[in-house]
Amino acid sequence: MTENENSIKSLVLVPGCLTFADLRTLASPGVSLQLVPESYQAVDKASSLVRNIVESGQRTYGVNTGVGTLSDRSIAAEDVAELQRRIVLSNAAGTGPWLPDHVVRWILVLKINALATGFSGVRRELIDALIVLFNSGLVSVVPSKGSVGASGDLAPLAHLAATLIGEGEFRCNEKSESAQAALDAAGIPPFRLAAKEGLAMINGTQASTALAVDGLFQAESVFAAAVIAGALSMEATLGQASAFDPRIQELRQQLGQVDIAAVYRSLLDSSEIQDQAKRDGRVQDPYCLRCQPQVMGSCLDFLRFSAEIINREINAVTDNPLVDAETGDILYGGNFHAEPIGMAADVVALPLCEIGAMSERRIALLTDANHSKLPAFLAGTSGLDSGFMAAQVTAAALASENKHLANPVSTDTIPTIGNHEDFVSMATHAARRLSEMTENAAAIVAVELLAACQGLEFRRPAKSSKVLEEVVGGIREIAAPFTEDRYFAPDLEAVKRLIGKGWFIKFVPDEARLAQ
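Since the structure is predicted, the reported quantities are computational estimates derived from the model, not experimental observations.

Caption draft 1: Local environment of the overall build of the protein. Scanning the protein for helices and strands turns up 20 helices and 10 strands. Whereas a compact globule of 516 residues would reach a radius of gyration of roughly 24 Å, the protein reaches 26 Å, a difference of no more than 12%. Dimensions of the protein, computed from C-alpha atoms along their principal axes, come out at roughly 85 × 50 × 45 Å. For the protein, buried positions account for 55% of its 516 residues. Accessible surface for the protein amounts to roughly 21,400 Å². Of this, 53% is attributable to carbon and sulfur atoms. Side chains of the protein carry 43 positive and 61 negative charges; the gap between the two charge centres is 4 Å.

So this is what it looks like as structure tokens:
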């Protein structure tokens, strides 16, 4: 990333080399995008091949034929451009809540990245127009529902493409504005699509992938917060750090388990409370404390696996047909099928479910005087005060919701387009539901963080480790200790926002991170 004289951040995109860090940078407005000039050579070669196909009349799917089951219909040369416009308009049939602004920005970046590799046959003018649109700060209204994740994310990508040509709507302060009016105000002329360009715009996995990236990034924030919460709960309940002994982990040989146990050891290092735990704690702790390396290590392994799949997909070329300008071949295939993203999203869902479920069990432990060696429900005046009684119920409700949401989505399929597209991925739904799951998991972990910090109040004056005391200090800046019952929801939401910002990630060593 570079900065120009006006200190406006600018990212130079090398097609096929996009990173998670780049996407984090491009999530917010104010960062402009440029394309490395060398990439235009491949783009020009491929678009020249498509132009020659049109001029020669060579029958090519989506260039001079209809699409789907209408691919046997030939399109006259003078109607080729109109075909592309109508492909976009007819596929803009999505519904439901709008996708978040940052997700729409990512979809646009991923589409630019794919087209700029030079295998889609579009002109450089289309790529430049998309970059202008991105840099303008305009955000297309993209409904979140209506894609089955094959033949690409047709509906969401069509809504994005429609705004480029002056149709559809842009988002303006939570309201919509006609695309034509917004483009006029920004001084951007509507783009006129040429051969294959409408098809190339709506064909691909960019919407599913952007949603999966969003789910992965949120999952990383929740995971880090849950690791910290688990360590704080160990302290508050006088849990035994001996469960994190490296000899135990090495005998299992699971990489995530080894790595996360080392994180717990570092988080608890030099804690005064651990001295008390050795004297007054249990011989063996409940599984929600003792088995954190095994469970959270497994979560880390599966999140890492999904991150690898998603990382490859952000640089994938996924429209159809593809154009090999070097050989002149038109390649018909199925890269638009989003099965890798659907399965990866399903895999992300499993750790999110387990993170929340185990966190809820630690909340239950913290509030149970029979096991925690703390006042019942962490209440100062038991009976008059109910403490964390209802907060544990909230956590239990959310944990159960996530158990249902974690059921695999990619195992479902339904035929579409006259049974021509007979086996689909459902990746868009698989990835989209991760946002709800991370929201639920973040709330559960937020309750645990508050409960663990409250539990520590009963262990004073003993101090935890330097790192964990820094965490407690950060939480106490937004949520004071409970001296008596008070309106609970604002504290829960404040800590949940802290999780959503990724504040806890900095306390977790690099070896336990994933989406960098």
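Caption draft 2: Molecular detail of unusual backbone geometry. In this structure, the amide linkage connecting alanine 150 to the following residue, serine 151, adopts the cis form with an omega of -10 degrees. Look at the link from asparagine 320 to proline 321: it is a cis peptide, with omega at 0 degrees. Mapped onto the elements, proline 321 comes out in the loop between helix H14 (292-313) and strand S9 (322-324). Here lysine 196, not a glycine, exhibits a phi torsion of approximately 75 degrees, which is positive. Topologically, lysine 196 is positioned in the loop between helix H7 (179-186) and helix H8 (197-202). Within the chain, lysine 373 stands out as a residue other than glycine whose phi angle is a positive 60 degrees. Here lysine 373 lies in the loop between helix H16 (369-372) and helix H17 (389-405).

Caption draft 3: Just the nonpolar core, in detail. Of all hydrophobic cores here, the largest spans 157 residues; its most connected members are Ile228, Leu232, Leu449 and Phe504. For this core, the leading source of residues is helix H9 (residues 206-236), giving 20 residues. Excluding residues that lie within four positions of it along the chain, leucine 232 makes contacts with Leu449, Ala452, Cys453, Leu456, Leu468, Val471 and Val472. Counting residues in each nonpolar core, the second largest holds 9 residues, with Ala46, Leu49, Val50 and Val80 among its members.

Caption draft 4: Looking closely at the pairing of strand S3 (residues 32-35). Relative to S3, strand S2 (residues 9-13) is paired through 4 bridges, and the arrangement is parallel. Looking across to S3, one finds that serine 10 is bridged to serine 32. Note on the crossover from S2 through helix H1 (residues 20-26) to S3: the handedness is right-handed.

Here is what the cut-offs are and how they apply
- Residues numbered from 1 in each chain as written.
- Predicted model: local features only at pLDDT ≥ 70, side-chain atom pairs only at ≥ 80, totals over all residues.
- Heavy atoms only, no water.
- Helix = DSSP H or I, 4+ residues; strand = E, 2+ residues; numbered from the N terminus.
- Rg over C-alpha atoms; globule rule 2.2 N^0.38 Å.
- Buried < 20%, exposed > 50% of the residue type's maximum accessible area, 1.4 Å probe, protein only.
- Areas by Shrake-Rupley, 256 points an atom, 1.4 Å probe, with all protein chains shown as cover.
- Lys, Arg positive; Asp, Glu negative; His and termini not counted.
- Charge placed at Lys NZ, Arg CZ, Asp CG, Glu CD.
- Core = buried A, V, L, I, M, F, W, Y, C linked by side-chain atoms within 4.5 Å.
- Contact = heavy atoms within 4.5 Å.
- Pairing = 2+ DSSP bridges.
- Right-handed = clockwise from strand over helix to strand, strands pointing away.

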